[in-house]
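# Notes for the structure review
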Amino acid sequence: MAKQPKRTKSWTGDTTVAHPLEAAVKLVKANANAKFDESIEIAVNLGVDPRHADQQVRGVVALPSGTGRDVRVAVIAKDAKAEEAKAAGAEIVGAEDLVEKIQGGFMDFDRVIATPDMMALVGRLGKVLGPRGLMPNPRVGTVTPNVGQAVKDAKGGSIEFRTEKTGIIHAGIGKASFTEEALQANVKALVDALNKAKPSGAKGTYIKKISLSSTMGPGFKVESGSVGA
């Protein structure tokens, strides 16, 4: 039988039962023992079938404690809006030239924002950005004339969420170096946003399971009631 890695031997806590949010966060932080600042991630299993258009869950939420990540923002805009994006801190700004660059394989960014007048150009990027979840969309605020605010939101802790094919939402909600209170606040903000985004076509239990984990650590189940689900 293969030897159990030393790292997994040091794990503590029961991964088979659901814990109150406060306890789950404490356990996740206690088991984040890597030599780097591990990301803390949440997985929420929703009672929806994303194959049906009326059961897709997608949106954006501003995490009160931020993400702890340096988000690289690309903005497709021109003239005054391009200057507005640069002033707000966007790393990459362009119009036709940026679209061509992305079509050529350039992907050195985490979020793409576009002005409405650029959507005819942005439409060419559907096959490139779509599978990566980066396609600008007015529903999540990444197609907007207010590019300056959108850039600030993206860099200030605003994240997008979207159901995968199995009905699960995955999202990063901070770093192991965050305080327990900061992580709890981010979890509650995301769950609140998911509740508000509940589709009319969803039947039965909407939020079925919630779990938290760190990059290299085990996952811990969270009692839905402890986060207002």
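Scroll up for the structure.
What comes next concerns the included structure.

Parameters at a glance
Residues numbered from 1 in each chain as written. Predicted model: local features only at pLDDT ≥ 70, side-chain atom pairs only at ≥ 80, totals over all residues. Heavy atoms only, no water. Salt bridge = Lys/Arg side-chain N within 4 Å of Asp/Glu carboxyl O. Helix = DSSP H or I, 4+ residues; strand = E, 2+ residues; numbered from the N terminus. Buried < 20%, exposed > 50% of the residue type's maximum accessible area, 1.4 Å probe, protein only. Pairing = 2+ DSSP bridges. Axes fitted to C-alpha atoms, helices over the stretch in contact; angles between N-to-C directions. Arc of directions from axis to C-beta. Contact = heavy atoms within 4.5 Å. Phe/Tyr/Trp six-rings, centres within 6.5 Å; stacked < 30°, edge-to-face > 60°. Lys NZ or Arg CZ within 6 Å of the ring centre and 35° of its normal. Core = buried A, V, L, I, M, F, W, Y, C linked by side-chain atoms within 4.5 Å. Parallel < 35°, antiparallel > 145°, perpendicular 65-115°, else oblique. Left-handed = near helix turned anticlockwise from the far one by under 90°. Nonpolar A, V, L, I, M, F, W, Y, C, P; charged D, E, K, R; others polar.

## Regarding the pattern of salt bridges
In this structure the tally under the stated criterion is 10 salt bridges. In this structure, arginine 111 and glutamate 160 form a salt bridge, with 3.7 Å as the shortest nitrogen-oxygen distance. Of the two residues, arginine 111 sits in strand S6 (residues 111-114) while glutamate 160 sits in strand S7 (residues 158-162), which places them 49 residues apart along the sequence. Taking relative accessible area as the criterion, arginine 111 reaches 10% and is therefore assigned buried. One salt-bridge network, in which partners are shared between bridges, spans Arg69, Arg72, Asp108 and Asp110.

## Brief notes about the sheet that holds strand S5 (residues 92-94)
Strand order across the open sheet formed by 3 strands is S5-S4-S6, with parallel pairing between neighbours. For this open sheet the edge positions go to S5 and S6, each flanked by a neighbour on one side alone. Strand-to-strand twist across the sheet, computed as the mean angle between neighbouring axes with direction ignored, equals 15°. Both strand S4 (residues 73-76) and S5 contribute to a ladder of 3 bridges, which runs parallel. When the sheet's bridge partners are listed, alanine 74 is paired in S5 with isoleucine 92.

## Describing helix H4 (residues 96-103)
If you check which residues of H4 are buried, you get Leu98, Val99 and Ile102. Summarising the axial view, the buried residues of H4 lie within an arc of 100°, below the 170-degree limit, and thus occupy one face. Opposite the buried face of H4, at more than 90 degrees from it, the exposed residues are Asp97 and Glu100. Those residues of H4 hidden inside the fold are in contact with S4, S5, helix H5 (119-122) and helix H6 (126-129). Looking at the residues trailing H4, positive phi occurs at glycine 105, about 115°.

## Observations regarding the packing of aromatic side chains
Scanning the entire structure with this criterion turns up 1 aromatic pair. Across the ring face of phenylalanine 106, the terminal group of lysine 101 is positioned such that the distance to the ring centre comes to 4.3 Å.

## So, the nonpolar core
Core analysis: the largest hydrophobic core is formed by 37 residues, its most contacted members being Ile42, Ile173 and Leu212. When contributions to this core are tallied by element, the ones reaching two or more residues are helix H2 (21-30), strand S2 (39-46), S7, strand S8 (168-175), helix H8 (180-196), strand S9 (207-214) and strand S10 (219-222). Contacts of isoleucine 42, omitting those with residues within four sequence positions, involve Ile169, His170, Ala171, Ile173, Val187, Leu190, Ile210, Ser211 and Leu212. Counting 17 residues, the second-largest nonpolar core is a separate cluster that includes Met118, Leu121, Val122 and Leu125.

## Quick word on the sheet that holds S2
If you trace the 5 strands from one edge of the open sheet to the other, you get S1-S10-S9-S2-S8, paired in mixed fashion. At either end of the open sheet lies a strand with only one pairing partner, and these are strand S1 (18-19) and S8. Of the pairings in the sheet, the one linking S2 to S9 comprises 7 bridges and is antiparallel in character. By the bridge assignment, valine 44 is partnered in S9 with isoleucine 210. The strands touched by H2 within the sheet are S1, S2, S9 and S10, with S9 carrying the most contacts at an inclination of about 30°. Its contacts with the sheet put H8 on S2, S8 and S9, and the angle it makes with S8 is roughly 155°.

## Digging into the side chain of glutamine 55
Within the secondary structure layout, glutamine 55 lies in the loop between S2 and strand S3 (58-62). In this structure glutamine 55 comes out as buried when scored by relative accessible area, which is 13%. Dropping the residues within four chain positions of it, glutamine 55 is found in contact with Val48, Asp49, Pro50, Pro199, Gly201 and Ala202.

## Details of the packing of helix H3 (residues 79-88) against helix H7 (residues 147-156)
In the contact formed by H3 and H7, the axes pass within 8 Å of each other and the chain directions differ by 25°. The angle between the axes of H3 and H7 places the two elements in the roughly parallel class. Regarding H3 and H7, the two cross each other, and that crossing is right-handed. Residues Lys81, Glu84, Ala85 and Ala88 of H3 touch H7, and the partners they reach there are Val147, Gly148, Val151 and Lys152. Class assignment of the residues belonging to the contact of H3 with H7 gives a composition of 4 nonpolar, 1 polar and 3 charged.

These figures capture arrangement, not role.
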